[in-house]
Amino acid sequence: MVKLNKSLKQLSSGYLFQEVEKISLSINKKIKLINLGIGDINKPISKFFITHICKAAKTLQYEKTKRGYCNSQGENNLRRIIKKYCYKNLNISEDEIFISSGTKRDISSIQELFSKDAKIAICDPSYPVYLDSNIIAGRKNISLLKCLEKNNFLPLIPKKSYDLIYLCSPNNPTGVAFTKKELKKWVDYALKNKSVILFDGAYESFITDKNIIRSIYEIEKAKKVAIEFRSFSKMAGFTSLRLSYLIIPKSLKIENYSLSNLWKRLLDTKFGSVSYPIQQGGLAVYSKEGRAEVKKLISYYMTNASILRKGLEKLNFKTFGGKNSPYIWCKTLNNLSSWDFFNLILKNTNIITIPGRGFGKCGENFIRFSAFANITDIKLALKRLKKFLKNSF
Ligand code: PLP
């Protein structure tokens with residue numbers, strides 16, 4: 001009889017965001033639900049991007065412009081333009097860039113490059129996919145790095161040696177981001193311990209402060225120890241289209257094997273590349289008009305984040321993030337547990353947040369607000385919270 005993958009039994013019963021959605025659906029529908037929970041886009045995709053995608057799709061119907069399978073590493077013109085606009089002066093070449101269909105997928109499958117007994121360090125709290133995907137793969141050597149309020153939710157350099165370290169900046173859920181000086185300590189650690197850093201930059205485009213680092217490759221020698229992940233999801237509103245990329249530098253080697261060559265080998269076997277029209281949509285994102293669209297979109301969400309953060313602070317909440325990130329990490333009141341506080345807010349104000357505990361033990365006593373909402377809803381949510389707090393706290 002076929003047996004189940006034992007590791008699946010160790011996963012929590014449901015994926016965090018689906019659990020929250022299930023609970024939210026059971027709430028009083030007479031008052032409008034305001035979703036400040038899940039980090040999904042709120043605005044429709046720019047018409048400019050859709051026009052390019054449709055145009056590219058239409059070329060496939062003609063004899064002269066038809067195409068077959070795409071290069072598993074991604075279209076040359078898209079990799080070229082990413083190099084030009086995202087890695088200018090960082091000495092990253094086109095063949096170190098891999099186009100893909102979502103950072104969720106990339107960061108889950110990258111571990112296939114590493115031995116089963118690799119010692120893995122994951123920040124707590126963090127994006128649940130890092131831990132879940134390692135559990136699914138049956139990995140046993142997983143350690144959690146506590147990210148505490150007293151350290152501004154950044155992980156401290158461990159005394160122990162780890163092989164693979166997941167870092168995310170700007171971070172989901174805390175919204176805090178690394179400065180160059182802080183991230184350099186991790187690059188030095190990785191060089192010393194011969195580790196690999198998996199640097200999740202899915203929210204890079206939300207960075208506004210000059211002292212926050214955008215790419216880990218801004219740090220000297222990081223190309224020897226880091227793989228970087230970026231996504232079009234939040235940057236260009238492509239969550240439904242699926243487009244991302246990762247950088248595996250040629251100089252990143254293990255046992256004399258180039259990880260970038262091995263990743264290409266893996267993709268050729270397991271991945272049929274991203275659909276051609278979507279990649280052409282990605283190309284449009286970096287055109288002059290496309291970059292203006294992205295700027296407008298990010299500015300919209302970051303204005304929301306600023307209004308939400310300031311509004312919460314006015315209501316005496318202690319907040320983190322929301323400055324270089326669309327997420328606001330907010331301490332619960334009266335030391336309530338994050339699930340209790342989430343439920344209390346949901347039942348009394350019909351506002352959906354995400355309980356911090358869902359991102360790890362160190363997320364206890366916090367909830368996450370997302371700025372991926374419309375501004376009217378954010379203002380209404382602040383009004384409802386004000387009224388509720390006045391009557392109940
Ligand atoms: N990384 C982080 C930190 C995220 O929060 C998310 C999505 O919410 C992702 C990656 C997934 O990105 P994608 O939509 O490209 O799969």
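Cut-offs and rules
Residues numbered from 1 in each chain as written. Predicted model: local features only at pLDDT ≥ 70, side-chain atom pairs only at ≥ 80, totals over all residues. Heavy atoms only, no water. Helix = DSSP H or I, 4+ residues; strand = E, 2+ residues; numbered from the N terminus. Buried < 20%, exposed > 50% of the residue type's maximum accessible area, 1.4 Å probe, protein only. Contact = heavy atoms within 4.5 Å. Areas by Shrake-Rupley, 256 points an atom, 1.4 Å probe, with all protein chains shown as cover. Lys, Arg positive; Asp, Glu negative; His and termini not counted. Charge placed at Lys NZ, Arg CZ, Asp CG, Glu CD. Near = heavy atom within 4 Å. Polar contact = N/O pair within 3.5 Å; in protein donor to acceptor, adjacent residues only side chain to side chain. Domains from an automatic or database assignment. Buried area = accessible area lost by both parts, 1.4 Å probe. Salt bridge = Lys/Arg side-chain N within 4 Å of Asp/Glu carboxyl O. Pairing = 2+ DSSP bridges. Axes fitted to C-alpha atoms, helices over the stretch in contact; angles between N-to-C directions.

Undergrad: Got a minute to help me understand the overall build of the chain in this structure?
TA: For the chain, the helix and strand inventory stands at 12 helices and 15 strands. Viewed in the frame of its principal axes, the chain has a C-alpha envelope of about 65 × 55 × 55 Å. The 393 residues of the chain split such that 55% are buried. Partitioning the intrachain contacts of the chain with sequence separation of at least 6 by distance along the chain shows that 73% fall at a separation of at least 24. Just so you have it, the chain exposes about 19,100 Å², and 53% of that area is on carbon and sulfur atoms. Of note, the chain has its 68 positive side-chain charges centred 4 Å away from the centre of its 31 negative side-chain charges.

Undergrad: Honestly, the environment of S205 in this entry has me stumped. Any pointers?
TA: Tracing the chain through its elements places S205 in the loop between β6 (196-200) and β7 (226-231). The sequence separation of S205 and P170 amounts to 35 residues, and the corresponding C-alpha distance is 9.4 Å. Contact partners of S205, with chain neighbours within four places excluded, come to R214, M235 and I298.

Undergrad: Can you help me understand the site of the ligand in this one?
TA: Taken together, 14 residues are adjacent to the ligand, and D200, Y203, S231, S233 and R242 come closest. The separation between an oxygen atom of the ligand and a polar side-chain atom of S233 is 2.6 Å. Against a free-state accessible area of 400 Å², the protein chains account for coverage of 92% of the ligand. Of all elements in the fold, only α4 (103-109) and α7 (233-236) reach the threshold of two or more residues within the shell around the ligand.

Undergrad: Any chance you could explain the domain arrangement of the chain here in plain terms?
TA: Think of interface size as the accessible area that goes away when the parts come together; that is how it is often given. Per the domain assignment, the segments making up the chain are domain 1 (6-45 + 289-386) and domain 2 (48-287). Each of domain 1 and domain 2 was reduced to a C-alpha centroid, and the two centroids are 25 Å apart. Taken together, the contacts link 39 residues of domain 1 with 49 residues of domain 2. Between domain 1 and domain 2 lies a buried interface of about 3,500 Å² when both sides are counted; carbon and sulfur atoms form 63% of it. It is I45, N324 and C362 that lose the most area in domain 1 upon contact with domain 2, and together they represent 21% of the buried surface on that side. At the boundary of domain 1 with domain 2, the tally comes to 2 salt bridges. K318 is paired through a salt bridge with E149; the nearest N and O atoms lie 2.7 Å apart.

Undergrad: Please explain the pairing of β7 as it appears in this structure.
TA: Burial within β7 is extensive, with 6 of its 6 residues counted as buried. Residues of β7 alternate between two faces, with A226, E228 and R230 on one and I227, F229 and S231 on the opposite face, all of them buried. Pairing of β6 with β7, which is carried by 4 bridges, proceeds in the parallel orientation. Looking at the pairing, D200 lines up with F229 of β7. Pairing analysis gives 4 bridges linking β7 to strand β8 (residues 244-247), with the strands arranged antiparallel. When the bridges of β8 are listed, R230 appears paired with Y245.

Undergrad: What should I look at first to understand the sheet that holds strand β14 (residues 354-355) in this one?
TA: Pairing between the strands of a sheet comes from backbone hydrogen bonds, and it takes one of two forms, parallel or antiparallel. Here 4 strands make up an open sheet; going across it, the order is β11-β12-β15-β14 and the pairing antiparallel. Two strands close off the open sheet at either side, each with one partner strand: β11 (319-321) and β14. Judged from the 2 bridges that link them, β14 and strand β15 (residues 366-370) form a sheet pairing that is antiparallel. The residue of β15 that forms the bridge with P355 is I367. Relative to the sheet, helix α11 (residues 338-349) contacts β14 and β15, its axis offset from that of β15 by approximately 50 degrees.

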